[in-house]
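Working through the structure, step by step
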Amino acid sequence: MSDLPWWKRGVIYEIPVASFADSDGDGKGDLRGIIQKLDYLNDGTASSLGVDAIWLTPTNASPMRDFGYDVRDYYSIDPRFGTMADFGELLEACHERGMRLMTDLVLNHTSEEHPWFVESRASRDNPKRDWYVWRDGRAPGKPPNRWVSVAEGSPWQYDDATDQYYYHAFLDFQPDLNWRNPEVRREMLNVLEFWLDKGVDGFRLDLINFLYEDELLRDNPRRLGRRPYFWQHHIYDRSRPESLEAARDLRGLCDTYPDRALMGEVCTDERDDAVAYLGDGSDSLHLSFYLDFARVRWSAERFRESVGWLEKHIPAGGWPCYYLNNHDMSRTFTRLGGGRYAEARAKVAAAMLLTLRGTPVIYAGEEIGMPMSKVPRRVMKDPLGTKYWPLSHGRDGARTPMQWSAEKNAGFTSGEPWLPVDPSYAHRNVEDLDRDPDSLLNWYRRLIRLRSERLALQAGSYRVIEDTPKGVYAYLRESGEQRIAVLLNFTSRTVTFAKQMDALYGAAWKTLVSTHGAEGEPTPHGGIRLRPCEVLILETSA
Ligand code: GLC
């Protein structure tokens, strides 16, 4: 075991709580459901997935108009998910097996039903008025400025009662808190303290680069883009320097507790923004999502470029964090495409995710190749889906119930699932994939185990192997005596290359893991041959 902190060493697994496992038959996943599935995640043996930490999507009391990202009470657990006692039990059960638990924290906005907002909108002189961002229109019937919300449309919502607009970076039922108000700042630190005191190991910080907007509300410069949100260069409504300062405050508080971690959702299409939140590794967030990587299309060259950029620009002491998909995006299995090579591509992608330098975050269901489901309009739940249908189908397709078995409702619930189970569950489910040694699930398990056994994969340096054939992404991970080469063939062709590998420490490479068998065998002198979508992970020592 290395002495790296858990958030660098380990693999984090995102659980969309409502979709993971339902213990009480109400059709929605819950905390007790997760407790029942902990063995699947990590029972200490090679037959479980072996993840080190789980991140739960929000579990606070909420009207659930945005899947819990609309909080009504930060100091509670929503009864749909269970009780505070259930939460305590889950936390303890995680800790007993050496796993960490991170919760999602939505600091940028609340639900419009939060009592603070109910008060705030009641009158202009209410003591909570300034807890949210209220402004006059710039002219009758015109919002204060021309910003566009992440969820499209104006982020300003007119409120008759007091004849002012409130600001919402996301949807209109998610009013932004006013972080310039010291009371708000204090209260949000209290929220962190409350959960840290309970023993949570860290937080995933929702929209962390959105906490502050420009005080003068200056309009953003225009630019070309594929949809209205991208027609503006978002320099005044996101990633403001004050949000970075707030992140530092959060870090300061976090550091008064041992071994905790902050992982920021830096929501942006600018690569620089994500690294900005890493500071020098000690004064800002521990981890921040690198969205660029999750958006790369199927191409060895593009992934190499995206990783190379991060490696080059990350501050000294900063630590990369990679994910391929999450509850907001199209699921990897569908997004990466590949037709009959889809499964093979998913294996290549998993090998990359789990062997790069940095913390990998897996999204529940990714390990069994759950596809992006086609959720019909009439049962759609996502407010973005219902609002923009048919232009956008929203995010429900990434949130269908976890596929545990081929039984009714994929073994997710004994009741009526809140979103329909994807039909692929008949053959794509944990139980069946568990039995097949070559399945994607068992591939994830092997890679996670390999990572946990090899310091070079956890902590080693990252170096690209240059001049490989087109469509191949290959790199070295080196730490002390340990040298690991990861060779990924993104193409559906067989490729060969020799001199690149021989030039690296001769030909004394041994196969550690391969998608096509041959583990433990030495590689033939002078030649590496990768079959279509083959992954070879080799090792040599000095
Ligand atoms: C984040 C969450 C997303 C949510 C939004 C508003 O992007 O990941 O699910 O809808 O913030 O809170």
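Going by the structure above, here's the rest.
So, here's what we can say about the structure. (Residues numbered from 1 in each chain as written. Predicted model: local features only at pLDDT ≥ 70, side-chain atom pairs only at ≥ 80, totals over all residues. Heavy atoms only, no water.)

**Digging into the site of the ligand**
Lining the immediate environment of the ligand, one finds Asp66, Tyr69, His109, Phe170, Arg204, Asp206, Leu207, Glu265, His327, Asp328, Arg395 and Arg399. Here an oxygen atom of the ligand and a side-chain polar atom of His109 are 3.0 Å apart. Separating an oxygen atom of the ligand from a side-chain N or O atom of Arg204 is a distance of 3.0 Å. Taken by itself the ligand offers 310 Å² of open surface, and the protein chains cover 98% of this. Across the shell around the ligand, the residue classes break down as three nonpolar, two polar and seven charged. (Near = heavy atom within 4 Å. Polar contact = N/O pair within 3.5 Å; in protein donor to acceptor, adjacent residues only side chain to side chain. Areas by Shrake-Rupley, 256 points an atom, 1.4 Å probe, with all protein chains shown as cover. Nonpolar A, V, L, I, M, F, W, Y, C, P; charged D, E, K, R; others polar.)

**Description of the pairing of strand S8 (residues 261–264)**
What you see with S8 is no split at all: Ala261 and Met263 on one side and Leu262 and Gly264 on the other are buried throughout. In terms of strand pairing, strand S7 (residues 202–205) meets S8 through four bridges, oriented parallel. Bridge pairing in S8 links Gly202 to Ala261. Between the parallel pair S7 and S8, the chain is carried across by helix H7 (residues 241–254), and the sense of this crossover is right-handed. Here two bridges tie S8 to strand S9 (residues 287–288), and the two strands are oriented parallel to one another. Directly across from Met263, in S9, lies its bridge partner Leu287. (Buried < 20%, exposed > 50% of the residue type's maximum accessible area, 1.4 Å probe, protein only. Helix = DSSP H or I, 4+ residues; strand = E, 2+ residues; numbered from the N terminus. Pairing = 2+ DSSP bridges. Right-handed = clockwise from strand over helix to strand, strands pointing away.)

**Structural notes on the packing of aromatic side chains**
Scanning the entire structure with this criterion turns up 29 aromatic pairs. Each ring, one from Trp147 and one from Trp156, has its centre 6.4 Å from the other, and the planes form 25 degrees; the classification is stacked. In this structure Trp147 comes out as buried when scored by relative accessible area, which is 2%. Given a relative accessible area of 5%, Trp156 falls into the buried group. Clustering of aromatic rings is evident, with ring pairs tying together Tyr290, Phe293, Trp298, Phe303, Trp309, Tyr322 and Phe490. The residue whose ring lies beneath Lys128 is Trp131, and the NZ or CZ to ring-centre distance is 4.5 Å. Sitting above the plane of the Trp134 ring, Arg129 keeps its charged end 3.7 Å from the centroid. (Phe/Tyr/Trp six-rings, centres within 6.5 Å; stacked < 30°, edge-to-face > 60°. Lys NZ or Arg CZ within 6 Å of the ring centre and 35° of its normal.)

**Let's talk about unusual backbone geometry**
Residues Trp389 and Pro390 are joined by a peptide bond in cis, for which omega reads -5 degrees. Take Pro390: it is sitting in the loop between helix H13 (383–388) and helix H14 (430–435). The phi angle at Asp467 is positive, at roughly 60 degrees, despite the residue not being glycine. Residue placement: Asp467 occurs in the loop between strand S12 (461–464) and strand S13 (472–479).

**Some thoughts on the sheet that holds strand S4 (residues 134–135)**
What the three strands build is an open sheet, ordered S4-S6-S5; its pairing is antiparallel. Whereas interior strands pair on both sides, the edge strands pair on one side only; in this sheet they are S4 and strand S5 (156–159). Note: S5 against strand S6 (residues 164–167), four bridges, orientation antiparallel. Paired with Trp156 across the strands is Tyr167, a residue of S6.

**Remarks on the pairing of strand S2 (residues 53–56)**
Residues of S2 alternate between two faces, with Ala53 and Trp55 on one and Ile54 and Leu56 on the opposite face, all of them buried. Bridge analysis of strand S1 (residues 12–15) against S2 gives four bridges, and the strand direction is parallel. Paired with Glu14 across the strands is Trp55, a residue of S2. Inspection of the sheet shows S2 paired to strand S3 (residues 100–105) by four bridges, in the parallel sense. The residue of S3 that forms the bridge with Ala53 is Arg100. Read from S2 through helix H4 (residues 84–96) to S3, the crossover connection turns out right-handed.

**Considerations on the nonpolar core**
Ranked by internal contacts, the top residues of the largest apolar core, which has 125 residues, are Tyr13, Leu41 and Tyr473. By residue number, the principal contributor to this core is helix H12 (residues 342–355), which donates nine residues. One finds Val150, Phe170, Phe173 and Phe230 within the second-largest nonpolar core, a separate group that totals 20 residues. (Core = buried A, V, L, I, M, F, W, Y, C linked by side-chain atoms within 4.5 Å.)

**A few points about the sheet that holds S9**
Taking strand neighbours across the sheet as the criterion, the eight strands line up as S9-S8-S7-S3-S2-S1-S11-S10 in an open arrangement whose pairing is parallel. In the strand order of this sheet, the two ends are held by S9 and strand S10 (321–323), each with one partner. In this sheet, strand S11 (residues 359–363) lies alongside S1 in parallel orientation, the contact comprising three bridges. Among the inter-strand pairings, Glu14 is bridged to a residue of S11, identified as Tyr363. Taken strand by strand, H4 contacts S2 and S3, and its axis lies near 140 degrees from that of S3. (Contact = heavy atoms within 4.5 Å. Axes fitted to C-alpha atoms, helices over the stretch in contact; angles between N-to-C directions.)

**Details of the environment of Gly460**
Following the sequence through the fold, Gly460 ends up in the loop between helix H16 (455–459) and S12. Linking Gly460 and Trp231, residues 229 residues apart in sequence, is a C-alpha distance of 41 Å. Look past the residues within four positions of Gly460 in its chain and what remains in contact with it is Arg357, Leu455, Arg477, Glu478 and Ser479.

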